[in-house]
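A closer look at the structure
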Amino acid sequence: MKHITTSLGLIMIIFHLFIGPSLYAQETEVNITTLLEEMVDRDLITQFPTSNYKSKQASSYNRESVSPDLPGWFADSDGVSYIRTEELNGKKEWVLMEDEGPGVITKIWAVAFYYGLDNTLGANINIYLDGNPEPVISTNFFDLVKGNDFVQPPFADETARAGNLYFPIPYAKGCKITMDKKAFYNIINYRKYPSDTKVKTFTMEDFDNTKDLRNKVGKILTEYSPAKGIEKKLKKSIAPMETLVVNLPKGNQAVQEFQIKLSNTSDMAQALRSVVLRSNFDNKETIWAPVGDFFNNVGKVQSYDMWERSVTEDGNMICRWVMPYKNNGQLLVQNLGNEEVTVNISVTTKQMEWTPNSMHFYATWQMDDPTPTFPLFDYNFLSATGKGVIVGDEWTVLNPIEGWWGEGDEKIYIDDDLDRNFPSHFGTGTEDYYGWAGGVVPTPKDQFSKPFLGNIIVGERSKGYNVCTRTRVLDAIPFRDQIKFDMESSCGRRSKSHFLQYSQITFWYGIPGVTHNKPALPSFASAKLPTIEDLEMEIEKAKGSQYIVDGAIEAEILSVANKSEGVKENHSEIPMWGELSSGELKNLWFEKPGDFVEFHITEQFETSQIFLCTAVGPNSGMFDVYVNGIKKNSQDLYSNHAGIINPYLNLGECEPVNNSFVIRLQFVGNNKEAKMTNTMFALGVDFFLIKNNFLKN
């Protein structure tokens, strides 16, 4: 993002004179023009959207994931799923996304290689609108998202082994997106409007007619123009535990921009973490975050340019998110470190009417103790109740080894998603969420910053600090009642004795009265900045510790009470990615449907909840599970990646018979993708969990 002169400032003024008024009110019609205007309106995003659109996402996530309460929730291999196949225009196509009613495609991400790094041609993408049998867009998928087709940067651009299309594609009656070859990694974000919303459907003619506007918007997105308003500057050396307070003008006002620079410190990396940015808007603290984390600079100063944040080469940090308030406001800079730091800050404000839809700006930071990489879990970015809009996030990962740290998918539950227990947004991988792709171990060459995406810091072969960030504008996520934003904690190395260090910020707006679950964490911000050596010490201390699930009845120590003739023990090794409770499992193999094994668990005296933990993998079969002759569950244990079922298989409440549970696992067949090993299919039983009130009683 270039720093431009007054000439562009004049262009901006003219631009807003002609199109500005439309940006502050809900348009009667949604079309390419209004969406492009909205893309660069910093004020409009501070208002809760009156169009009542819902943020939705389609992706190639693994369909084994059906519920957080059922096995498969952390299934990998997220790149090959799709809705269905169809015969369209005499050819087979793979349906990636479909929607009925008015809406707009706001973002399309795709990996830029196809089933192997050598294939960079891939497939064609077809976008059908309003039920038209002919696609309005039919072109090479990779060219479209990388900006090599009719949409040019910055509206479509290449990142690290991937591309992102941000040009809006509105539709009045519906949309269907397909590939003309087998589906591969993709994520499609879209808005779903109420059925009575007037939308003008995308056409190539309308696209061509917006050439001048596209040029203006593209220039605004990539060339920095200083904010207009009243500027207040302060420079001060602040001692440990001292706070610099910037009092803002009273009344209906908004911060348009602030800039901050730290200097005169012997340890800049520590200062970036221990100097904390805070806000007080209308007597509510809405920002609490280390200055470095807020600006994607963890462990060092790293320059970059994005739409809402930039860092210059000399360490000047610029924020352009607009922050309105009704009556009073303060920005505060607090030194939680052990040495004096010089802070140079400037804040630009202007009058801005406070409306019933006005929202305060939030930046909520969190950090935890080092996190073991097994078992997998959903790491919560934010849970909030009330009304607001998610507009961005940042994730910092300290990785102690060379190798990939981020297999996890985003899972974003919006409003009634929490009642349905399934997210509207289910992604395909951490790097995919942040707009790039794996395929190789990342290096600093993979660093980039685009208007809405940034891979700001990458360790050498991912060892050290890694910082990813994302900004949302057209793909912002409104919530009317509640939101839960999770990201899977999932690493290439999965072990109880291997650790990553996380810290994270979510950027969002909230209507007054909104509440959230991320308190200030001064003890973490003031602590010594974690290093690779700190994690190595944690790993060394954990070496030799055995992963054991509390209360588990280990299957490997149980004798098989009964089995059919076609069942063999230890027929072949069962592959494993992750750890087993007590380090072992019961290794069983089945020849034909109807083969079974039985375990007897004795000394059971009351109704109990029983859980079963097994291996999953490419050679695992499908099984029915019975307890005392009653069928309790059926489960396909096939997975492209070997591992442990998570969550455990719930067999429900079971009544003991003759003070015991007879648990029968019967082979019923195999997934069509599963592979036999010497004519047999596997069942690896790790443990049983029996939960009741016996000990309490």
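What you see is a predicted model, and the numbers here were worked out from it, not measured in a lab.

Moving on: the overall build of the protein. A tally of helices and strands in the protein yields 11 helices and 49 strands. Computed over C-alpha atoms, the radius of gyration of the protein comes to 27 Å, within 12% of the 26 Å expected from 2.2 N^0.38 for 697 residues, which places it in the range of a compact globule. Dimensions of the protein, computed from C-alpha atoms along their principal axes, come out at roughly 85 × 70 × 45 Å. Residues counted as buried form 60% of the 697 residues belonging to the protein. Total accessible area on the protein stands at roughly 27,500 Å², and carbon and sulfur atoms take up 49% of it.

Right, let's get into unusual backbone geometry. With an omega of 5°, the peptide bond between P153 and P154 qualifies as cis. Looking at the element boundaries, P154 is found in the loop between α3 (141-146) and β8 (156-158). For S462, which is not glycine, the phi dihedral falls at a positive 70°. Tracing the chain through its elements places S462 in the loop between β32 (453-457) and β33 (464-471). S462 gets classed as buried once you look at its relative accessible area, which sits at 0%.

Right, let's get into the state of the cysteines. Scanning the model with the defined rule gives 0 disulfides in all. Among the cysteines around C491, which has no disulfide bond, C468 carries the closest sulfur, lying 14 Å off. Classification of C491 by relative accessible area gives buried; the value is 3%. Of all cysteine sulfurs, the one in C654 lies closest to C613, which takes part in no disulfide; the gap is 17 Å.

To continue, consider the packing of aromatic side chains. Under the definition given, this model contains 47 aromatic pairs. Arranged with centres 5.0 Å apart and planes meeting at 55°, the rings of F294 and F295 form a pair that is tilted. F295 shares its class with F294; the two are buried. Pairing F590 with F667 gives two aromatic rings, centres 6.0 Å apart and planes at 35°, and the pair type is tilted. In this pair, F590 is assigned in strand β41 (residues 586-590) and F667 in strand β48 (residues 660-669), connecting sequence segments 77 residues apart. Each residue in the set F377, Y379, F381, W395, W404, W405, Y433, Y434, W436, F485 and Y502 is aromatic and connected to the rest through ring pairs, giving one cluster. Note that R664 overlies the ring of F596, its terminal NZ or CZ placed 3.7 Å from the centroid.

Quick look at the pattern of salt bridges now. Following the criterion strictly, the structure yields 30 salt bridges and no others. Between R273 and D293 there is a salt bridge, with its nearest N and O atoms 3.0 Å apart. Placement of R273 in helix α6 (residues 268-274) and of D293 in helix α7 (residues 291-294) is noted, with a sequence separation of 20 residues between them. Of the two residues examined, R273 and D293, each falls in the buried class. It is possible to trace a salt-bridge network through shared partners that takes in R84, E86, E98 and K176.

For helix α11 (residues 532-542), the complete set of buried residues consists of I532, L535, I539 and A542. Buried positions in α11, seen along its axis, are confined to an arc of 90° and lie on one side of it. Facing away from the buried side of α11, by more than 90 degrees, are the exposed residues M537 and K541.

Turning our attention to the confidence of the model for the protein. Averaged over every residue, the pLDDT of the protein is 93; the share at 70 or more is 96%. Note that pLDDT drops below 50 for residues 2-26; the model gives that stretch 35 contacts with residues more than four away or on any other chain.

Read from one edge of the open sheet, 5 strands run β3-β4-β11-β6-β7, paired in antiparallel fashion. For this open sheet the edge positions go to β3 (84-88) and β7 (137-140), each flanked by a neighbour on one side alone. If you compare each strand with its neighbour and ignore which way they point, the axes differ by 30° on average.

Attention now moves to the environment of S51. Position of S51 relative to the elements: it lies in the loop between α2 (32-39) and β2 (54-59). Put simply, S51 and K192 are 141 residues apart on the chain and 10.0 Å apart in space, counted from C-alpha to C-alpha.

Criteria and thresholds
Residues numbered from 1 in each chain as written. Predicted model: local features only at pLDDT ≥ 70, side-chain atom pairs only at ≥ 80, totals over all residues. Heavy atoms only, no water. Helix = DSSP H or I, 4+ residues; strand = E, 2+ residues; numbered from the N terminus. Rg over C-alpha atoms; globule rule 2.2 N^0.38 Å. Buried < 20%, exposed > 50% of the residue type's maximum accessible area, 1.4 Å probe, protein only. Areas by Shrake-Rupley, 256 points an atom, 1.4 Å probe, with all protein chains shown as cover. Disulfide = S-S within 2.5 Å. Phe/Tyr/Trp six-rings, centres within 6.5 Å; stacked < 30°, edge-to-face > 60°. Lys NZ or Arg CZ within 6 Å of the ring centre and 35° of its normal. Salt bridge = Lys/Arg side-chain N within 4 Å of Asp/Glu carboxyl O. Arc of directions from axis to C-beta. pLDDT = per-residue confidence, 0-100. Contact = heavy atoms within 4.5 Å. Pairing = 2+ DSSP bridges. Axes fitted to C-alpha atoms, helices over the stretch in contact; angles between N-to-C directions.

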